[in-house]
Amino acid sequence: MATITDVARVAGVSVSTVSHVVNGTRHVNDATAALVRQAIETLGFVPNAVARSLVRSSTDAVGIAISISTNYYFNDIVSSIERACAAIGQLVFLCDTQNDPETELRLVRELVQRRVDGVILAPSGDPENRAIDYLKSSRMPFVLVDRLTVADADGVCLDNEAAMEALIDHLVGHGHRRIGLIAGEPGLLSTIERVRGYVGAMRRHGLEIDRSLMSEGNANSADARQSALEILSRADRPTAIASGNNLATIGVMRAVRDLGLRIAEDLALIGFDDFDWADCFEPRLTVMAQPSEMIGMQAAEMLSRRIKSGTEDVRQVRLPAKLVIRRSCGCGGH
């Protein structure tokens, strides 16, 4: 295997000159650089990535700490981040936090210890924000996605309150007054904001906020199913339900099936996340589609800027969602 010394000998230059060409650490005139690149190609020389990272104080790698196994929604965000990072030559290390604060903190520590250039984090429900505090104390560039749990860090997410308000507005616009809520995972900021949006919209329309029609924290589809069974088994059950994420939607659909009810006819159902098979159900699901690709792309761009310049002002972006009207809300779809 060819070494940097072999390249220097064939090109007729010093080892340090080869290093500068390979790592871009100092200007080398075009003619000399061309000789070095020709020698590299002739010898099949492959630069040592670890050595390059030590020279450049950069690993060209970023870490993503996100709960990818607990929610399909994050798949699109991760794919978008990976594409954006690949376009600028960055490798991505993906870590599954499982929305567990202890796992999250351990994985963030490991990413920092492996000298990644930056971290993209979807914070868990840790009330102490320990992973974020560790990133700050380590002076590691980082960007938050989906949940902007602190105000002094870059981040991008959905405007959760406005999106939930739009869902409730749609249901009220079609005559519904008793509207239930099956929220997402407890403790997460996105869940809290969507509950806030539900309450705000109901109050704005002058409707009663019946806490017995609200389930404010469901960690998975089984929890959501149980919550929906309890709400829909009431004699005065709601005429519509808004679900807080795709897992909650699936749980509600199972409860409706178990009770022998019909979506759209007996109950209007509307929820978050336009997952791939949302239009394969019958009736097809009316959902609030999140701009997952844009969230991932903007997160990667924010991190790249933060890595290059740690002195920029903090930037937080909340993106709008898109209401995709189909038939589960009972209005026919278009």
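Relevant structure appears above.
To keep things clear, this report deals only with the structure shown in the data block. As the structure is a prediction and not an experimental result, all values here were calculated from the model.

**Overview of the overall build of the protein chain**
- Scanning the protein chain from terminus to terminus reveals 12 helices and 12 strands.
- Overall, the protein chain is about 90 × 40 × 30 Å in size when its C-alpha atoms are taken along their principal axes.
- The burial tally for the protein chain puts 52% of its 334 residues in the buried class.
- Restricting to contacts in the protein chain with at least 6 residues of sequence separation, those with at least 24 account for 69%.
- Split by element, the accessible area of the protein chain, about 15,500 Å² in all, is 49% carbon and sulfur.

**Observations concerning the pairing of strand β3 (residues 118-121)**
- Because side chains alternate across β3, one face comprises the buried residues G118 and I120, and the other comprises V119 and L121, equally buried.
- Pairing analysis gives four bridges linking strand β1 (residues 61-66) to β3, with the strands arranged parallel. Looking at β3, one finds that A65 is bridged to L121.
- With three bridges joining them, β3 and strand β4 (residues 142-145) adopt parallel strand pairing. When the sheet's bridge partners are listed, V119 is paired in β4 with F142.
- Remark: the β3/helix α7 (residues 130-137)/β4 crossover connection has right-handed handedness.

**Some thoughts on the sheet that holds β3**
- The six strands lie next to each other as β2-β1-β3-β4-β5-β11, forming an open sheet whose pairing is parallel. What marks the edges here is a single partner per strand, and that holds for β2 (91-96) and β11 (316-319). Neighbour to neighbour, the strand axes of the sheet diverge by 15° on average, direction disregarded.
- As paired elements, strand β5 (residues 155-158) and β11 share four bridges and run parallel to each other.

**Observations concerning the nonpolar core**
- M164, I168, I179, L181, Y198 and F272 are the most contacted members of the largest nonpolar core, which has 23 residues in total.
- Of all elements in the fold, only α8 (160-173), β6 (179-182), α9 (189-204), β8 (240-243) and β9 (268-272) reach the threshold of two or more residues within this core.
- The residues touching L181, leaving out its near neighbours within four places in the chain, are M164, V195, Y198, L213, M214, S215, I231 and A242.

**Topic: the pattern of salt bridges**
- All told, the structure shown has 22 salt bridges when counted by the stated rule.
- The structure contains a network of salt bridges with shared partners spanning R178, D210, R234 and D236.

**Here's the deal with the state of the cysteines**
- Counted according to the given criterion, the structure contains zero disulfides.
- Here C85 stays free of any disulfide, with the sulfur of C95 as its closest cysteine sulfur at 14 Å.
- Between C157, a cysteine without a disulfide, and C85, which holds the nearest cysteine sulfur, the sulfur-to-sulfur distance is 19 Å.

**Digging into the sheet that holds strand β7 (residues 214-215)**
- Spatially, six strands are ordered β7-β6-β8-β9-β10-β12 in an open sheet, and the strand pairing comes out mixed. If you trace the sheet from one side to the other, it starts and ends with β7 and β12 (322-324), each paired once.
- Here β9 runs beside strand β10 (residues 286-289); their pairing, made up of three bridges, is parallel. Bridge assignment links I270 to a residue of β10, and that residue is T286.
- Of the strands in this sheet, β6, β8, β9, β10 and β12 touch α8, which is tilted by about 165° from β9.
- On top of the sheet, helix α10 (residues 221-232) reaches β6, β7 and β8; it is set at about 160° to β6, its chief contact.

**Some thoughts on the environment of A235**
- One can find A235 in the loop between α10 and β8.
- In this structure A235 comes out as exposed when scored by relative accessible area, which is 90%.
- It is 77 Å that separates the C-alpha atoms of A235 and E41, two residues lying 194 residues apart in sequence.

**Digging into unusual backbone geometry**
- Unusually for a residue other than glycine, D60 sits at a positive phi of about 50°.
- As for its position among the elements, D60 is in the loop between α4 (49-56) and β1.
- Its identity is not glycine, yet D273 carries a phi of approximately 80°, on the positive side.
- Within the fold, D273 resides in the loop between β9 and β10.

**Brief notes about the environment of L189**
- Topologically, L189 is positioned in helix α9.
- In this structure L189 comes out as buried when scored by relative accessible area, which is 18%.
- A sequence separation of 64 residues divides L189 from G125, and the C-alpha atoms of the two residues are 7.2 Å apart.
- Beyond its immediate sequence surroundings of up to four residues, L189 is in contact with R147, L148 and T149.

The rules behind the values
- Residues numbered from 1 in each chain as written.
- Predicted model: local features only at pLDDT ≥ 70, side-chain atom pairs only at ≥ 80, totals over all residues.
- Heavy atoms only, no water.
- Helix = DSSP H or I, 4+ residues; strand = E, 2+ residues; numbered from the N terminus.
- Buried < 20%, exposed > 50% of the residue type's maximum accessible area, 1.4 Å probe, protein only.
- Contact = heavy atoms within 4.5 Å.
- Areas by Shrake-Rupley, 256 points an atom, 1.4 Å probe, with all protein chains shown as cover.
- Pairing = 2+ DSSP bridges.
- Right-handed = clockwise from strand over helix to strand, strands pointing away.
- Axes fitted to C-alpha atoms, helices over the stretch in contact; angles between N-to-C directions.
- Core = buried A, V, L, I, M, F, W, Y, C linked by side-chain atoms within 4.5 Å.
- Salt bridge = Lys/Arg side-chain N within 4 Å of Asp/Glu carboxyl O.
- Disulfide = S-S within 2.5 Å.

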